[in-house]
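Report on the structure
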Amino acid sequence: MEHRKPLLPSTSSDDVASNPRPRKGLVLVVCGLLLLVSLVAFGGYRATNVPHADVSSPTSNDEHSPKSVPSSKWYPVSRGVSSGVSEKSSSMLLAVKEGASEAFPWDNSMLSWQRTAFHFQPENNWMNDPNGPLYYKGWYHFFYQYNPNGAVWGDIVWGHAVSRDMIHWLHLPLAMVADQWYDMQGVWTGSATILPDGQVIMLYTGSTNESVQFWCPPPGIGAKDFRDPTTAWLTSEGKWRITIGSKLNKTGIALVYDTEDFKTYELKEGLLRAVPGTGMWECVDFFPVSKKAENGLDTSINGAQVKHVMKVSLDDDRHDYYSIGTYDEKKVLFIPDDSKNDVGVGLRYDYGIFYASKTFYDQSKERRVLWGWIGESDSEYADVAKGWASVQSIPRTVKLDKKTGSNLLQWPVAEVESLRLRSDEFENLKVKPGSLVSLDIETATQLDIAAEFEIDKETLEKTTASNEEYTCSSSGGAAQRGLLGPFGLLVLAEDGLSEYTPVYFYVTKGSDGNLKTSLCSDQSRYPFDK
């Protein structure tokens, strides 16, 4: 692709900040107890002179055209929930108030450097929810919420790309555009279903000129509180069944419909699930996982050796939650195994920026694959300046944890390993309490780290059981010391350790003697303007 226009207009050398200096890979193992560590760091490479697409702006008005961003204007700009999306602001990271210190002076080189190497993103403009991913006739198809006219939310259509490996993508023309009365305000989120005869059915939320979704909700449901149909699954009666997210007051609910032809739909009595206090349920996902086998399952599979996963995206807090339980087809009911981990109140796929996730069954490799939208933390002003906003997570395989039966296991798809160019291996490293062990790794722009930690058995036996609860967000971060943590890695670390990001484990021992492990990251020691 020809590089015709810089990400920002060129500035004089006096105005340009120094490019981030190349850093030699620096990984440090940190812990509060005795550990035996084996670690492999796989180096990846991305050329820095890869050309980028032209920058698009929301309008042709000069006021909004890509330009250098004065530090005095680095403040949060919000669309608001009324626009159909959550507030996009970054008061902690990028906001600058009058009299405050200046924000980082972004330049063309720096904005170019922000482009990801392997996470999916369009060539430019705004992207959000993953839509209708599927494997079809030898290709992985990925659809996504996309604004073809700018780097902020609006004018939403379905973007489309295809790949052989979910890593390297070919961008195709728009898949669906707002060209009907029932979607003239946006082709919003939906799902794909492959029928036995090979037909592909796409169900989506169409926004009308009154900002009301087509396919009217049942009585008692708000016109805007009815969206995001799931992938359909077959019932024992041979009908197709879907569920749609909604709410009643502050109770999140999932409505269920049956259809034989995807043209007429029967609303089933009752609700698949309802949880008070969780608010609007968006982007519901419902799928089976095997209790015994390692492979994934087609969405229509049910039986004694199957558990079901119900995932919702909460519009109130913009996080994805899932619950594992039993699906009763006749009663049209999902029953969680653990009420403490009910839908919308318990387990999450990801504790970072991760929303509107969607899985699909990859029949070619018998696995279930998870996608999720990463909204980043730039302000809208910065998004307009750089000409793009948001990335998708690296696709992950998802399966039931056979050891616990109470949570899911996720791992990047195996295709990611094809990106590795070399490796540095470190085995049997002994890490004493309170120590840091520096690992000398060659310079790399991307690192894939695989690490195994073995906790000293004597320390485990001496640990007193308690009802201590540890949460990543409120337990003091990596600075909070305990007998069984934290331990892990310091990444993005400067040589003098003035800046670093801990990625760490913290283990607690319950009164029943069972161990519970939390995996966290602590971003308090790394400035985001670099």
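Quick caveat: nothing in here was measured; it's all calculated off a predicted structure.

**Some points on the nonpolar core**
Phe-120, Met-166, Trp-169, Phe-360 and Trp-371 are the most contacted members of the largest nonpolar core, which totals 19 residues. Those elements giving two or more residues to this core turn out to be β3 (125-136), β4 (139-147), β5 (157-163) and β21 (367-374).

**Considering the state of the cysteines**
Taken as a whole and assessed by the stated rule, the structure comprises one disulfide. With its sulfur 2.0 Å from that of its partner, Cys-472 forms a disulfide with Cys-520. Handedness here is read from the sign of the S-S torsion; for Cys-472 and Cys-520, about -70°, the answer is left-handed. Remark: Cys-520 occurs in strand β31 (residues 515-521) and Cys-472 occurs in the loop between α3 (457-462) and β29 (487-491); sequence separation between them is 48 residues. A relative accessible area of 26% places Cys-472 in the partly exposed class.

**Re the pattern of salt bridges**
Under the counting rule described, the total for this entry stands at 25 salt bridges. Connected via shared salt-bridge partners are Lys-239, Arg-241, Asp-258, Glu-266 and Lys-268.

**What to know about the environment of Asn-147**
Inspection of the secondary structure assignment puts Asn-147 in strand β4. When the C-alpha positions of Asn-147 and Asn-128 are compared, they lie 9.1 Å apart, and in sequence the two are 19 residues distant. The residues contacting Asn-147, other than those within four sequence positions of it, are Asn-125, Trp-126, Val-152, Trp-153, Gly-154, Asp-155 and Ile-156. At 2.8 Å, the side chain of Asn-147 forms a polar contact with the backbone nitrogen of Asn-149. Within the structure, the side chain of Asn-147 is placed 2.7 Å from the backbone oxygen of Val-152, a separation counted as a polar contact.

**Observations regarding the environment of Val-284**
With respect to the helices and strands, the residue Val-284 is situated in strand β15 (residues 281-290). It is 9.5 Å that separates the C-alpha atoms of Val-284 and Thr-231, two residues lying 53 residues apart in sequence. Val-284 has contacts with Asp-228, Thr-230, Thr-243, Gly-245, Met-310, Lys-311 and Val-312, leaving out every residue within four places of it along the chain.

**With respect to the sheet that holds β5**
Taken together, the five strands give an open sheet; going across it, the order is β6-β5-β4-β3-β22, and neighbouring strands pair in mixed fashion. Edge positions in the sheet fall to β6 (169-176) and β22 (388-389), since each of these pairs with one other strand and no more. As paired strands, β5 and β6 are joined by five bridges and run antiparallel to one another. Considered in β6, the bridge of Val-162 is made with Leu-170.

**Let's talk about the environment of Ala-175**
Residue placement: Ala-175 occurs in strand β6. We classify Ala-175 as partly exposed; its relative accessible area is 35%. Along the sequence, Ala-175 and Ala-161 sit 14 residues apart, while their C-alpha atoms lie 9.1 Å from each other. Setting aside anything within four residues of it in sequence, one finds Ala-175 in contact with Phe-143, Trp-158 and His-160.

**Brief notes about empty space enclosed by the protein**
Using the criterion set out here, one finds five cavities of 30 Å³ or more in the structure. The volume enclosed by the largest cavity comes to roughly 70 Å³. Along the walls of the largest cavity sit Pro-130, Thr-189, Gly-190, Ser-191, Asp-228, Pro-229, Cys-283, Val-284, Ala-356, Ser-357 and Lys-358, which together make up its complete lining. Only β7 (186-194), β15 and β20 (355-362) provide two or more residues apiece to the lining of the largest cavity.

**Structural notes on unusual backbone geometry**
Note the cis peptide between Gly-485 and Pro-486, where omega equals 0°. Among the secondary structure elements, Pro-486 is positioned in the loop between α3 and β29. One non-glycine residue with positive phi stands out, namely Arg-318, at about 60°. Position of Arg-318 relative to the elements: it lies in the loop between β16 (306-314) and β17 (319-328). By relative accessible area, Arg-318 is classed as buried at 17%. Non-glycine residue Leu-497 carries a positive phi angle of around 60°. Within the secondary structure layout, Leu-497 lies in the loop between β29 and β30 (501-509).

Basis of the calculations
- Residues numbered from 1 in each chain as written.
- Predicted model: local features only at pLDDT ≥ 70, side-chain atom pairs only at ≥ 80, totals over all residues.
- Heavy atoms only, no water.
- Core = buried A, V, L, I, M, F, W, Y, C linked by side-chain atoms within 4.5 Å.
- Buried < 20%, exposed > 50% of the residue type's maximum accessible area, 1.4 Å probe, protein only.
- Helix = DSSP H or I, 4+ residues; strand = E, 2+ residues; numbered from the N terminus.
- Disulfide = S-S within 2.5 Å.
- Salt bridge = Lys/Arg side-chain N within 4 Å of Asp/Glu carboxyl O.
- Contact = heavy atoms within 4.5 Å.
- Polar contact = N/O pair within 3.5 Å; in protein donor to acceptor, adjacent residues only side chain to side chain.
- Pairing = 2+ DSSP bridges.
- 1 Å grid on protein atoms, 1.4 Å probe; cavity = no way out; pocket = protein on both sides within 12 Å on 5 of 7 lines; lining within 4 Å.
- Points joined across faces, edges and corners; volume = space filled by probe spheres on them.

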